[in-house]
Amino acid sequence: MPAVTTPHVYVHRAGDRLKTKISWLDSKHSFSFGQHYDPDNTHHGLLLVNNDDTVLPGQGFDTHPHKDMEIVTWVLRGSLVHQDSIGHSGIIYPGLAQRMSAGKGIMHSEKNDSWRLAGEQHHEPVHFVQMWVVPDEPGLAPSYEQLEIEDEILKGGLVPVASGMPEYKDNSAIRINNKHAAMHVARIFPGAPVTLPEAPFLHVFVARGTAEMEGVGTLYEGDAVRLSASGGQQISSHSGAEVLVWEMHARLGG
């Protein structure tokens, strides 16, 4: 892969995202997705999908297929029920890291109906971010992993949540099948900035709150920053924020 030598920073504002809104779903797409296609906005580094979804209670995505994709889901509010064709069934909620490797093929559904598995019916929408990166190789066996990580997130700082990079082998929560990519989460508390890793490609998404990024300025909820050949900037917040950071050392297409 040719080296990326020219630093570049692009701010993609929340209001500029592609949008899908129907009766039960409010989805905002950072990149081309589904019927929304923009040839100049298909991915950044290895990241193809960064969907910011809100699903009403009792609704969701019926069983559908995936293939050769590493899918990481991070719930911000509410709960999401995952069920798949390799026998996994569970509830994803804030602070629980979840990864599904589609591999050679998997079917799954995602719905806001946790009362069907446990508890009483609720009336709260679920708000989550789903992110897709390609695996190192096609045709792997499909797999699934989830792990509680709330305690680590509450300590502050940039916490590796999903990674295939050797550098994070001992401290990432869940493993993905891409040795060039890692997803970090930071709960940024007032007076406790975090420092971005240096990488050929970074994608910084403000999932909650408002943040200040060195050299960029104020970022609001739903804003994203795409960086090339960069890193080392500090991100702070006066009122508290949660950011999702993809660190990528390769890009699609070589």
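Residues numbered from 1 in each chain as written. Predicted model: local features only at pLDDT ≥ 70, side-chain atom pairs only at ≥ 80, totals over all residues. Heavy atoms only, no water.

**Student:** Any chance you could explain the overall build of the protein chain here in plain terms?
**Tutor:** The secondary structure content of the protein chain amounts to one helix and 22 strands. Its C-alpha radius of gyration of 17 Å places the protein chain within 12% of the 18 Å reference for a compact globule of 254 residues. For the protein chain, the spread of C-alpha atoms along the three principal axes comes to 50 × 40 × 40 Å. Accessible area for the protein chain stands at about 11100 Å²; split by element, carbon and sulfur atoms hold 51% of it. Computed over 19 positive and 30 negative side-chain charges, the inter-centroid distance for the protein chain is 3 Å. (Helix = DSSP H or I, 4+ residues; strand = E, 2+ residues; numbered from the N terminus. Rg over C-alpha atoms; globule rule 2.2 N^0.38 Å. Areas by Shrake-Rupley, 256 points an atom, 1.4 Å probe, with all protein chains shown as cover. Lys, Arg positive; Asp, Glu negative; His and termini not counted. Charge placed at Lys NZ, Arg CZ, Asp CG, Glu CD.)

**Student:** Hey, could you run me through the side chain of Arg187 in this one?
**Tutor:** For Arg187, the position within the fold is in strand 15 (residues 181-188). Taking relative accessible area as the criterion, Arg187 reaches 13% and is therefore assigned buried. A polar contact is formed between the side chain of Arg187 and the side chain of Glu150, at a distance of 3.1 Å. Side chain to side chain, Arg187 and Glu242 meet in a polar contact 2.5 Å long. (Buried < 20%, exposed > 50% of the residue type's maximum accessible area, 1.4 Å probe, protein only. Polar contact = N/O pair within 3.5 Å; in protein donor to acceptor, adjacent residues only side chain to side chain.)

**Student:** Teacher, can you tell me more about the nonpolar core here?
**Tutor:** Generally speaking, a soluble globular protein has its nonpolar side chains buried in company with each other. Counting 47 residues, the largest nonpolar core has Trp74, Met131, Ile149, Val161, Met183, Leu244 and Trp246 as the members making the most contacts within it. It is strand 11 (residues 126-133) that provides the largest number of residues to this core, a total of six residues. Apart from the residues within four sequence positions on either side, Trp246 is in contact with Leu47, Val72, Met131, Val133, Ile176, Ala181, Ala182, Met183, Phe201, Leu202 and His203. With 17 residues, the next largest nonpolar core counts Leu202, Ala211, Leu219 and Val243 among its residues. (Core = buried A, V, L, I, M, F, W, Y, C linked by side-chain atoms within 4.5 Å. Contact = heavy atoms within 4.5 Å.)

**Student:** Help me out: how do you make sense of the environment of Arg187 in this one?
**Tutor:** On a C-alpha basis, the gap between Arg187 and Arg208 in space is 9.1 Å, while along the polypeptide they are 21 residues apart. Once you skip the residues sitting within four places of it in the chain, Arg187 turns out to touch Glu150, Ile153, Leu154, Gly156, Gly157, Arg208, Ala241 and Glu242.

**Student:** What exactly am I supposed to notice about the layout of surface pockets here?
**Tutor:** In this approach a probe as big as a water molecule rolls over the atoms, and the regions it shows empty are the leftover space. Reported here for the largest pocket is a volume of approximately 220 Å³. Lining the largest pocket we find 16 residues, and of these Leu25, Phe33, Asn51, Asp53 and Phe61 sit closest to its centre. Going through the elements one at a time, strand 3 (25-29), strand 4 (47-55), strand 5 (60-66) and strand 11 are the ones with two or more residues in the lining of the largest pocket. Its residues assigned to classes, the lining of the largest pocket comprises five nonpolar, nine polar and two charged. (1 Å grid on protein atoms, 1.4 Å probe; cavity = no way out; pocket = protein on both sides within 12 Å on 5 of 7 lines; lining within 4 Å. Points joined across faces, edges and corners; volume = space filled by probe spheres on them. Nonpolar A, V, L, I, M, F, W, Y, C, P; charged D, E, K, R; others polar.)

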